[in-house]
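Survey of secondary and tertiary structure
One-letter residues, chain by chain:
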Amino acid sequence: MYDLIGDIHGELGALEALLRKLGYRRTSEGWSHPGRMAIFLGDFIDRGADSRGVCRLVREMTQGGSAKAVMGNHEFNALAYHTPDPLRPGAFLREHSPKNRSQHEATLESFAGNDAEFEETRDWFASLPLWLDLGGLRVVHAAWHTESMEALHDHLDTDRKLQASALEQMSRKEKTASRTGKTAYESVETVLKGVEVKLPDGCRFVDKDGHQRHEARIRWWLREGSLTWRELALGPPELIAQLPDALVNEGASRGYPADAPPVFIGHYWLTGKPAPLAPNVACLDYSVAKPGGQLVAYRWEGEQILKVSSFVSVSR
Ligand SMILES: [Mn+2]
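All chains use their own residue numbering, which begins from 1 and follows the written sequence. Local features in a predicted model are, by the rule used here, given only for residues with pLDDT of at least 70; side-chain atom pairs are given and counted only at 80 or more, and totals for whole chains, interfaces and linings are based on all residues. Hydrogen atoms and water are omitted, and side-chain values are computed over all heavy atoms in the structure.

1. Side note on the nonpolar core
Among the nonpolar cores identified, the biggest contains 100 residues, and L4, L15, F40, F44, L162, W220 and F264 are the most heavily contacted of them. Residues contacting F44, with those up to four places away along its chain left out, are I8, H9, G10, S51, V54, C55, V58, A69, V70, E75, W124 and L128. By nonpolar core is meant a set of buried Ala, Val, Leu, Ile, Met, Phe, Trp, Tyr and Cys residues that side-chain atoms within 4.5 Å join together. To sort residues, take the accessible area from a 1.4 Å probe on protein chains only and compare it with the maximum for the residue type: under 20% means buried, over 50% means exposed, and anything in between is partly exposed. Contacts: residue pairs with any heavy atoms within 4.5 Å of one another.

Have a look at this one:
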C-alpha cells in the first residue's frame, strides 16, 4: 500500500523526519520500507534551503522502485525556465523576470556549482507523469480535471510524461495560430495550478499584485448548487470578501464524484490540522516552507472514505 507525501519545497530535514515516522529507513540504495511504497505529489524544489538534497532523495527512491512521483508546478516552471525559446534567441520559455527568478532562487543557489547534476535532475523532472491513475487511487498536483486531462492527451506519452515538443506548446500563453497550443497551456495550468472559472458578468476583484481579475480559482472538488462565490472560491479572506455573496452560476464546477476513487493533491498551502477536503479528496500541502508549516503524509490502506486518523505530519 501507499504513503502519499505532500509538497516538500526544499525542506530536507522535514522529509527525512517524516519518512522515519512512516517507518522508512535509509539503506545503501536510498530510503525504503519493507512493505510500503511512497507517492510524492510534486513541488520538491524552491523556497526551502535544500532543493538539491530533496531531489536526490526523491529521485533515488523513484529510480530504486520504492516511490512514485508526479510533477508539480514548480518542476514544470523549472523546466521552462531553463529551456531556450526557439522563437526568441537569448530568451527562455519561462521569462527570467525578477519575479520568476526570485521564485526559483533557492533552487538555483542549492544547485550552484553542480550544473551537470542539475541538468540530470531536470531530465528526471521531465520524466515525471502529470498524474497517476492507479485504479483505486488517483494522484495529481492541483486538480483532477477530466476535460484538461483529455486535452493534454496528445502532448503526453502513454505513461503521461511530457512529449519532447510539449513544453514549448504548453508555455505559450499568447493566442497562437495553433488552437491546440493554447489548449495545452490552459490545460497544464489547470492540472498543475488549479481550476479557474469566470466570475458573473461585470464582477471583478483586485488581486494581491493589484491586477483586476475576472476569474476566480475554485474548490474544484465541490459542485455548484447551493454554494455562493465566496464559498466556492479559494484565496485569502481579503480577496474572497470582494466576491459576490450570490449563488454560483450553473456549470462553474462539476465537483469530484463521490463514487470516484480517492484523489490526493498538493499545492494549496493549507494550514491547521490536516483533514480530508471531501470524503474522497485530500490535500497534503500544509505549507512546510512557511513558519509554523508542516510536511504531511497520508497512510493509505485501500479505503474509499479517507480518515483524519491516517494523516501523519511533522513540523519543519
Ligand atoms: Mn504547487
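2. Looking at the sheet that holds strand 7 (residues 138-140)
The criterion for strand pairing is that DSSP finds at least two bridges linking the strands in question. Put simply, DSSP H or I for four residues or longer makes a helix, DSSP E for two residues or longer makes a strand, and each gets a number counted from the N terminus. If you trace the four strands from one edge of the open sheet to the other, you get 6-7-12-13, paired in mixed fashion. Sheet topology places strand 6 (131-133) and strand 13 (281-283) at the edges, where each strand pairs with a single neighbour. If you compare each strand with its neighbour and ignore which way they point, the axes differ by 15° on average. Note: strand 7 against strand 12 (residues 263-265), two bridges, orientation parallel. What sits directly across from R138, in strand 12, is V263. Between the N-to-C directions of two axes lies an angle of 0 to 180 degrees, each axis being a line fitted to C-alpha atoms and, for a helix, fitted only over the stretch in contact.

3. Some points on the pairing of strand 1 (residues 2-5)
Of the two faces of strand 1, the one lined by Y2 and L4 and the one lined by D3 and I5 are each fully buried. In this sheet, strand 4 (residues 37-40) lies alongside strand 1 in parallel orientation, the contact comprising four bridges. When the sheet's bridge partners are listed, D3 is paired in strand 4 with A38.

4. Looking at the layout of surface pockets
A 1.4 Å probe that fits into a set of points on a 1 Å grid over the protein atoms alone but cannot get out defines a cavity; an open set with protein on both sides within 12 Å along at least five of seven lines defines a pocket, and lining residues are those with an atom within 4 Å of a point. Grid points are joined across faces, edges and corners, and a volume is the space filled by probe spheres set on the points. Considering only enclosed or pocket space, the second largest pocket measures out at about 270 Å³ in volume. Taken together, 16 residues line the second largest pocket, and the ones lying closest to its centre are L79, T83, A126, A164 and L167. Looking at the lining of the second largest pocket, the elements that each hand over two or more residues are helix 5 (115-126) and helix 7 (166-171). Looking at the lining of the second largest pocket, the element that brings in the most residues is helix 5, giving four residues. Residues that form the lining of the second largest pocket fall into these classes: eight nonpolar, four polar and four charged. Residue type decides the class: Asp, Glu, Lys and Arg count as charged, Ala, Val, Leu, Ile, Met, Phe, Trp, Tyr, Cys and Pro as nonpolar, and the leftover types, Gly among them, as polar.

5. Quick look at the packing of aromatic side chains
The description of an aromatic ring pair rests on the distance of the ring centres and on the angle between the ring planes. Pairing of aromatic rings covers Phe, Tyr and the six-membered ring of Trp, with a centre-to-centre limit of 6.5 Å; geometry is then stacked below 30 degrees between planes, edge-to-face above 60, and tilted otherwise. In total, this model carries nine aromatic pairs according to the counting rule given. With 5.4 Å between their ring centres and 85° between their planes, W220 and W221 make a pair best called edge-to-face. Take W220 and W221: they sit in the same class, and that class is buried. Seen from their ring centres, Y298 and F311 are 5.1 Å apart, and the 90° between their planes marks the pair as edge-to-face. Separated by 13 residues along the polypeptide, Y298 in strand 15 (residues 294-299) and F311 in strand 16 (residues 311-315) bring together distant segments of the chain. Accessibility classification places Y298 together with F311 in one group, the buried group. Three or more aromatic residues joined by ring pairs form one cluster here, namely F40, F44, W124 and F125.

6. Quick look at the coordination of the manganese ion
Only D43 (OD), N73 (OD1), H141 (NE2) and H267 (ND1) from the protein coordinate the manganese ion, and they sit 2.1 to 2.4 Å from it. Excluding water, the donors of a metal are its N, O and S neighbours within 2.8 Å, or within 3.2 Å for Na, K and Ca, and that exclusion means sites may look incomplete. Here the donor residues for the manganese ion map to a single chain with the spacing D-x29-N-x67-H-x125-H. Of this pair, D43 sits in the loop between strand 4 and helix 2 (51-64) while H267 sits in the loop between strand 12 and strand 13, placing them 224 residues apart in sequence. Assigned by exposure class, D43 and H267 land together as buried.

7. Concerning empty space enclosed by the protein
Counting across every chain of the model gives one cavity of 30 Å³ or more. The computed volume of the largest cavity comes to approximately 60 Å³. The wall of the largest cavity is formed by D46, H74, N77, A78, Y81, R94, N100, Q103 and H104. In terms of residue count, helix 3 (residues 73-81) provides more of the lining of the largest cavity than any other element does, four residues in total. Of the residues assigned to the lining of the largest cavity, the class counts are two nonpolar, five polar and two charged.

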